[in-house]
Amino acid sequence: MFGYNAHGKVDIMDYNKLADLLFSHIDKTPADYDSVYPKRELGEEAKVTRFAPSPTGFLHIGGLFAALISERIAHQSGGKFILRIEDTDKKREVENGVERILEGLLGFGIKIDEGFTDFDVQTGDYGPYKQSERAEIYQCFAKELVKKGMAYPCFCTEDELSAIREVQEAEKLLPGYWGKFAKCRDLSFDEIKEKIDSGLPYVLRLKSPGSEDRKVSFKDGIRGKIEMPENIVDVVILKSDGIPTYHFAHVVDDYLMGTTNVIRGDEWISSIPIHLQMFYMLGLKAPKYAHIAPIMKEDDGGKRKISKRKDPEAAVTYYDEEGYPADGVIEYLLNLANYNFEDFRKANKNAHWSEFKLEMNKMSNSGALFDLVKLNDICKNKIASYTSEKVYDLACEWAKKYDKELFTLLTRDKDFSVAMFGFDRNPDKPRKDIGKWNEVRNAFSFMFDELFDGKYDEVENVSKEDAKKMLELYKDMYDENADNSAWFDTLKDLAEKVGFAREVKEYKKNPEAFPGHVGDVSNVLRVAVTGRTKSPDLCSIMKTLGKDKVIERIDRAINALAI
Ligand code: GLU
């Protein structure tokens with residue numbers, strides 16, 4: 001085979017010999033891996049997708065979003081969803097990086113079929129699923145490129161590379177190692193050998209066949225057809241330690257793992273010409289791509305990307321800490337992905353979110369706007385749809401981690417707490433007062449003496465004297481076994497006794513005749529028992545608190561009114 005050497009002379013280059021020089025330890029060929037990782041036997045429509053994060057910190061809400069979309073596309077087509085760890089950049093890796101990602105995904109109920117399926121557990125026939133454990137595989141594919149004359153070692157130093165950069169900047173040229181700047185492209189075998197023998201470090205570069213005047217196009221699953229200039233840069237495929245760059249690892253892994261659809265953040269669109277070129281040079285079929293726009297946030301009237309630095313809600317741990325129910329968060333994200341999720345939810349009140357058919361072409365390509373108010377709304381609806389037992393379990397699970405005092409109070413008497421969570425939980429029109437578990441403490445503080453401040457705030461329209469009289473009379477009238485309607489009849493009787501109207505209607509017809517009506521009476525009682533003017537069904541609250549406690553609270557209010 002012929003090539004031009006650095007001095008412009010035609011040189012005979014035996015690429016096989018070069019490949020052996022660079023990769024003497026690799027004796028496999030890419031074809032060998034085809035039998036190690038055979039084609040998947042899945043239905044024709046089945047899609048294989050993956051989430052491929054780097055373990056560089058907490059899981060970002062955008063990461064959870066991308067993982068959810070990938071998981072849905074796989075599972076709703078009868079395919080597989082993989083979690084692959086891309087840890088080729090050891091400098092950026094953080095301790096427990098993989099655990100943090102897994103905790104995030106599993107905590108939100110994302111079902112992973114393959115790859116890291118649990119802490120320290122790799123499942124599946126296409127592993128290892130951590131890139132740092134696949135070095136030899138990448139080197140085998142790199143060797144193949146060298147054999148074909150499509151990759152070469154580059155010995156340029158940092159200084160030489162910055163000198164190139166300076167020239168390119170001054171001449172406003174495309175940055176990177178290409179064309180006349182790609183000095184090491186033409187080294188002869190002997191020159192290469194001499195440098196290697198003298199211990200010079202080197203990287204392996206792709207010998208790009210791209211041309212400035214050609215375009216590459218592909219159909220993005222979200223954005224449709226995209227056309228870009230071909231890649232002409234001889235990008236690095238293996239770093240000097242033999243570890244691949246992201247680009248090369250992506251191509252090799254997604255080929256061997258049988259990924260059919262790569263769904264990832266849109267910061268990768270600009271790398272598509274490199275990726276397609278690599279698939280082409282290796283003679284491999286490229287997967288389909290879809291690029292997700294980042295989640296945006298309203299800021300000062302404008303829109304910006306949700307940011308790790310500025311927004312606490314960028315980290316998925318935030319949702320756990322605040323106590324948003326996991327399926328509420330997932331439903332919110334599905335809602336961000338496809339506007340018609342809301343219609344699905346209305347039409348299928350009790351369906352699991354996985355029954356919704358997500359469509360990639362319905363996703364925004366400018367970035368969906370994140371809205372905590374909407375998230376809270378969705379979570380309120382979600383919690384309202386749970387049974388009291390489920391609310392109890394989830395609230396306790398959260399409190400155990402984040403509010404020890406609340407946990408102790410909730411678990412002191414399970415039946416009491418379950419009954420409490422059952423207030424107004426009727427299936428037709430459930431009360432929607434909690435959207436996250438950290439709201440439980442305040443929403444139900446009146447149920448626990450430890451949280452109840454026992455204040456009696458005066459009730460509008462009712463004089464202190466009347467209020468006191470009502471409460472004193474009521475103490476003898478309260479029957480804790482009365483059902484809801486008998487309980488209310490007692491209040492009507494009480495209203496009458498103190499000269500208030502039995503019915504609101506009656507009062508409205510003739511407001512001058514009464515100081516108030518039965519509603520005011522119930523307000524007095526509500527404030528005495530719960531310390532607030534709005535509460536869930538008072539009759540249920542009183543039954544759950546028990547007669548002694550109710551009387552104690554009434555006495556407390558009477559005392560407060562006496563001052
Ligand atoms: N490791 C890349 C990242 O952290 C993955 C990109 C991809 O999904 O291909 O974003």
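About the criteria used
- As a convention, each chain's residues are numbered from 1 in the sequence order in which they are written.
- Since the coordinates come from a predicted model, pLDDT governs what is reported: local features require at least 70, and pairs of side-chain atoms require 80 or more to be given and counted, while whole-chain, interface and lining totals use all residues.
- To obtain the side-chain values, all non-hydrogen atoms of the structure were used and water was disregarded.
- Paired strands are those between which DSSP finds at least two bridges.
- Note on conventions: DSSP H or I runs of at least 4 residues are helices, E runs of at least 2 residues are strands, and numbering of each starts at the N terminus.
- Exposure is judged per residue with a 1.4 Å probe applied to protein chains only, and the accessible area is read against the type maximum: over 50% gives exposed, under 20% gives buried, and values in between give partly exposed.
- Axis definition: a line fitted to C-alpha atoms, over the contacting stretch in the case of helices. Angles run 0 to 180 degrees between N-to-C directions.
- Patch criteria: residues need more than 30% relative accessible area and no salt bridge. Like-charged residues are merged within 9 Å; nonpolar side chains of Val, Leu, Ile, Met, Phe, Trp and Tyr are merged within 5 Å.
- Accessible surface is estimated by sampling points in the Shrake-Rupley manner with a 1.4 Å probe; for residues, cover comes only from the protein chains shown.
- For this analysis, a salt bridge means a side-chain nitrogen from Lys or Arg found within 4 Å of a carboxyl oxygen belonging to Asp or Glu.
- Asp and Glu count as negative and Lys and Arg as positive, but His and the ends of the chain are not part of the count.
- Each charge is placed at NZ for Lys, CZ for Arg, CG for Asp and CD for Glu.
- Polar contact is the term for a pair of N or O atoms within 3.5 Å; when the atoms are in protein, one must be able to donate a hydrogen and the other to accept it, and sequence-neighboring residues count only if both atoms are side-chain atoms.
- Note on contacts: a residue pair is in contact if any heavy atoms of the two residues lie within 4.5 Å.
- Proximity is defined per residue: any heavy atom of the residue falling within 4 Å of a molecule or strand makes that residue near it.
- A pocket, in this scheme, is an open set of points on a 1 Å grid over the protein atoms alone with protein on both sides within 12 Å along at least 5 of 7 lines, while a cavity is a set where a 1.4 Å probe fits but cannot get out; residues line either one if an atom lies within 4 Å of a point.
- Cavity and pocket membership follows a simple rule, namely that a molecule belongs there if more than half of its atoms are within 2 Å of the grid points.
- Grid points are joined across faces, edges and corners, and a volume is the space filled by probe spheres set on the points.
- For this classification, the nonpolar set comprises Ala, Val, Leu, Ile, Met, Phe, Trp, Tyr, Cys and Pro, the charged set comprises Asp, Glu, Lys and Arg, and every other residue, Gly included, is treated as polar.
- Angles below 35 degrees are treated as roughly parallel, those above 145 as roughly antiparallel, those between 65 and 115 as roughly perpendicular, and all remaining angles as oblique.
- The crossing is said to be left-handed when, going from far helix to near helix, the turn is anticlockwise and less than a right angle, and right-handed when the turn is clockwise.

Novice: Just checking my understanding: could you explain the sheet that holds strand β15 (residues 302-305) for this structure?
Specialist: Consider a sheet: its strands pair through backbone hydrogen bonds, and that pairing is either parallel or antiparallel. Strand order in the open sheet formed by three strands is β15-β14-β16, with mixed pairing between adjacent strands. Each edge of the open sheet is held by one strand with a lone partner, namely β15 and β16 (369-370). As defined by bridge partners, strand β14 (residues 296-299) adjoins β16 across two bridges and the pair is classed as parallel. If you follow K297 over to β16, its bridge partner there is F370.

Novice: It is not clear to me how helix α8 (residues 246-256) should be interpreted in this structure. Could you clarify?
Specialist: In an α-helix, one turn spans 3.6 residues, which is why side chains three or four residues apart end up on the same side. With respect to burial, α8 is a largely interior element, ten of its eleven residues being buried. Among all positions of α8, only Y246, H247, F248, A249, H250, V251, V252, D253, D254 and L256 are buried. A positive phi of about 70 degrees marks G258, the residue just after α8.

Novice: What is the right way to read the sheet that holds strand β8 (residues 203-206) from this model?
Specialist: A sheet is described by the order of its strands in space; here three strands give the open sequence β7-β8-β11, paired in antiparallel fashion. The sheet is open, and its two borders are formed by β7 (151-154) and β11 (236-238), each paired with just one other strand. Between one strand axis and the next, the sheet turns by 45 degrees as a mean value, whatever way the strands run. Across four bridges, β7 lies against β8 in antiparallel orientation. Counterpart to P153 in the pairing with β8 is L204.

Novice: Please explain a negative patch on the surface as it appears in this structure.
Specialist: On the surface, a cluster of negative charge is made up of D27, D32, D34 and E136. Accessibility expressed as a relative area gives 31% for D32, which makes it partly exposed.

Novice: Would you mind showing me how to read the side chain of N231 here?
Specialist: Positionally, N231 belongs in the loop between β10 (224-229) and β11. At a separation of 3.1 Å, a polar atom in the side chain of N231 contacts the main-chain amide nitrogen of V233. In this view, N231 contacts S208, G210, P273, I274 and Q277; residues no more than four positions away in its chain are not counted.

Novice: Where do I start with the site of the ligand in this structure?
Specialist: In the vicinity of the ligand, the contacting residues are R50, A52, S54, E86, Y246, R264 and W268. The separation between an oxygen atom of the ligand and a polar side-chain atom of R50 is 2.7 Å. A distance of 3.3 Å is found between a nitrogen atom of the ligand and a side-chain nitrogen or oxygen belonging to S54. Protein contacts shield 81% of the accessible area of the ligand, which totals 300 Å² for the unbound molecule. Judged by the fraction of its atoms near the pocket grid, the ligand is located in the largest pocket.

Novice: Please explain the pattern of salt bridges as it appears in this structure.
Specialist: Pairs may arise between side chains of opposite charge once their charged atoms sit close together. Scanning the entire structure with this criterion turns up 40 salt bridges. A salt bridge links E503 to K492; the nearest nitrogen and oxygen atoms lie 3.4 Å apart. Residue E503 is found in the loop between α19 (484-497) and α20 (504-509), and its partner K492 is found in helix α19; the two are separated by eleven residues along the sequence. It is possible to trace a salt-bridge network through shared partners that takes in R50, R84, E86, R134, D253 and D254.

Novice: Explanation requested: the layout of surface pockets in the structure shown.
Specialist: Empty space among the atoms can be located by rolling a probe the size of a water molecule over them. Put simply, the largest pocket is a space of about 1,200 Å³. Considering the residues around the largest pocket, the lining is formed by 38 residues, among which P53, S54, G63, E267 and W268 are closest to the centre. Among the secondary structure elements, those contributing two or more residues to the lining of the largest pocket are β3 (48-51), α3 (61-75) and β12 (261-265). For the lining of the largest pocket, the element with the most residues is α3, which contributes four residues. For the lining of the largest pocket, the class distribution of residues is 17 nonpolar, eleven polar and ten charged.

Novice: Would you mind going over the packing of helix α1 (residues 15-22) against helix α5 (residues 135-147) with me for this structure?
Specialist: Each pair of packed helices can be described by the angle between their axes along with the distance between the axes. At a minimum axis separation of 8 Å, α1 and α5 run at an interaxial angle of 150 degrees. Relative to α5, α1 is oriented roughly antiparallel. Relative to α5, α1 is oriented so that their crossing is right-handed. Along its contact with α1, which presents Y15, N16, L18, A19, D20 and L22, the element α5 presents K143, V146 and K147. Here the residues of the contact of α1 with α5 are counted per class, giving five nonpolar, one polar and three charged.

Remember, this is a structural readout, not a statement about activity or role.
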